[in-house]
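# Structural overview for review
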Amino acid sequence: MRHTIFLLLLLVTSQFSFSQSILGKWKTVDDETGIEKGIVEIYEKGGLIFARIIDIFESQFKNQKCSLCCCEQKGEPLLGLVIIKGLKKDNDEYNGGNILDPKNGKHYKCYIKLEEKDKLKVRGFLGVSLFGRTQYWYRVKK
């Protein structure tokens, strides 16, 4: 009986850990330099996942506009800029949308996946995911 209760608790606990939400605030870390860049808020709208920049750590960039962005995002302030658009849940990852790299103004295909409870894998790529870059974002504790 004790073994059954233990296994049941283990199953319930593991189920909760895998059903963690990606929604919320995440600290971004540059994959090339390892420098913490800012805070991004991931939110849901109309059943799709989006993310916007809500804080920038380097003060010289706080009031900058996205001069390299194209289309409707050209000239928008970096603070508040939506950088992930249109991801859909697909098993344990979110994909089907795109991510904007404010450094170069280009959009890439994107998927994100919760690696650990407080660690998010963010992959931007051209064509197939083999050709791209990965960043890890860390959940901001309340």
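Here the structure is a predicted model, which means the values were calculated and not measured. Position numbers for residues count from 1 along each chain, tracking the sequence in the order it is written. Under the rules for a predicted model, residues below a pLDDT of 70 receive no local features and side-chain atom pairs below 80 are neither given nor counted, while totals for whole chains, interfaces and linings still include all residues. Side-chain descriptors were evaluated using all non-hydrogen atoms of the structure, hydrogens and water having been removed beforehand.

Turning our attention to the sheet that holds strand 5 (residues 93-101). For two strands to be treated as a pair, DSSP must find at least two bridges joining them. Strands here are runs of E lasting at least two residues and helices are runs of H or I lasting at least four, both read from the DSSP assignment and numbered beginning at the N terminus. Strand order in the closed barrel formed by 8 strands is 1-2-3-4-5-6-7-8, with antiparallel pairing between adjacent strands. Looking at each pair of strands side by side, their axes are set apart by 30° on average, direction ignored. Relative to strand 4 (residues 82-90), strand 3 (residues 48-56) is paired through 3 bridges, and the arrangement is antiparallel. Opposite Ile 49, over in strand 4, you have Leu 87 as the bridge partner. For helices, the fitted line uses only the C-alpha atoms of the stretch in contact; every axis is such a line through C-alpha atoms, and the angle between N-to-C directions lies from 0 to 180 degrees.

Further remarks concern the side chain of Arg 139. Along the chain, Arg 139 falls in strand 8 (residues 132-139). Separated by 2.9 Å, the side chain of Arg 139 and the backbone oxygen of Lys 117 make a polar contact. Here Asp 118 takes part through its side chain, which lies 3.0 Å from a polar atom of the side chain of Arg 139. Here, two residues are considered to be in contact whenever any of their heavy atoms come within 4.5 Å of each other. Sequence-distant contacts of Arg 139, that is, excluding residues within four places in its chain, are made with Gln 20, Ser 21, Leu 23, Lys 25, Trp 26, Leu 114, Lys 117 and Asp 118. For the purposes of these results, a polar contact is taken to be a pair of N or O atoms within 3.5 Å, where, inside protein, one atom must be able to donate a hydrogen and its partner to accept one; residues adjacent in sequence count only when each atom of the pair is a side-chain atom.

Pairs of cysteine sulfur atoms within 2.5 Å are what we label disulfides. Under the criterion given, the structure shown has 1 disulfide. Paired by a disulfide, Cys 66 and Cys 69 hold their sulfur atoms 1.6 Å apart. Linking Cys 66 and Cys 69, the disulfide has an S-S dihedral of approximately 65° and is accordingly described as right-handed. Taken as a pair, Cys 66 and Cys 69 share a single burial class, namely buried. Unpaired in this structure, Cys 70 has its nearest cysteine sulfur neighbour in Cys 71, at a distance of 3.3 Å. When accessible area is computed with a 1.4 Å probe and restricted to protein chains, residues below 20% of their type maximum are described as buried, those above 50% as exposed, and intermediate ones as partly exposed. Exposure remark for Cys 71: the relative accessible area of 61% places this residue in the exposed category.

Moving on to the nonpolar core. As used in this record, nonpolar core signifies buried Ala, Val, Leu, Ile, Met, Phe, Trp, Tyr and Cys residues forming a set joined through side-chain atoms within 4.5 Å. Grouped together as the largest cluster of nonpolar side chains are 25 residues, with contacts concentrated most on Ile 42, Ile 84, Ile 112, Leu 120 and Trp 137. Broken down by secondary-structure element, the contributors of at least two residues to this core are strand 2 (36-45), strand 3, strand 4, strand 5, strand 6 (106-116) and strand 7 (119-125).

As a further point, take the confidence of the model for the protein. pLDDT measures how confident the predictor is about each residue, on a scale from 0 to 100. Across the protein, the average pLDDT comes to 87, with 87% of residues at 70 or higher. Note that pLDDT drops below 50 for residues 3-18; the model gives that stretch 0 contacts with residues more than four away or on any other chain.

Turning to its location among the elements, Asn 104 is positioned in the loop between strand 5 and strand 6. Look at Asn 104 and you get partly exposed, because its relative accessible area is 28%. Among the polar contacts made by the side chain of Asn 104, one reaches the side chain of Tyr 108 at a distance of 3.0 Å.

Each patch groups residues whose relative accessible area exceeds 30% and which form no salt bridge, using 9 Å between like charges and 5 Å between nonpolar side chains of Val, Leu, Ile, Met, Phe, Trp and Tyr. We get accessible surface area from the Shrake-Rupley algorithm with a probe of 1.4 Å; when it comes to residues, only the shown protein chains can shield them. Whenever a carboxyl oxygen of Asp or Glu lies within 4 Å of a side-chain nitrogen of Lys or Arg, that contact is scored as a salt bridge. On the surface, Val 128, Leu 130 and Phe 131 cluster together into a nonpolar patch covering about 350 Å² of accessible area. Positionally, Phe 131 belongs in the loop between strand 7 and strand 8.

Tracing the chain through its elements places Arg 123 in strand 7. At 3.4 Å, the side chain of Arg 123 forms a polar contact with the backbone oxygen of Gly 132. Setting aside residues up to four positions removed in sequence, Arg 123 forms contacts with Lys 109, Cys 110, Tyr 111, Ser 129, Leu 130, Phe 131, Gly 132, Arg 133 and Thr 134.

Quick look at the pairing of strand 2 now. Residues in a regular strand point their side chains to alternate faces of the sheet. Direction of pairing for strand 1 (residues 24-29) relative to strand 2: antiparallel, over a ladder of 6 bridges. Pairing of Lys 27 across the sheet is with Ile 39, part of strand 2. Between the antiparallel neighbours strand 1 and strand 2 lie 6 residues, among them Gly 34 with a positive phi of about 80°. What sits between strand 2 and strand 3 in their antiparallel hairpin is a turn of 2 residues, with Gly 46 showing a positive phi close to 60°.

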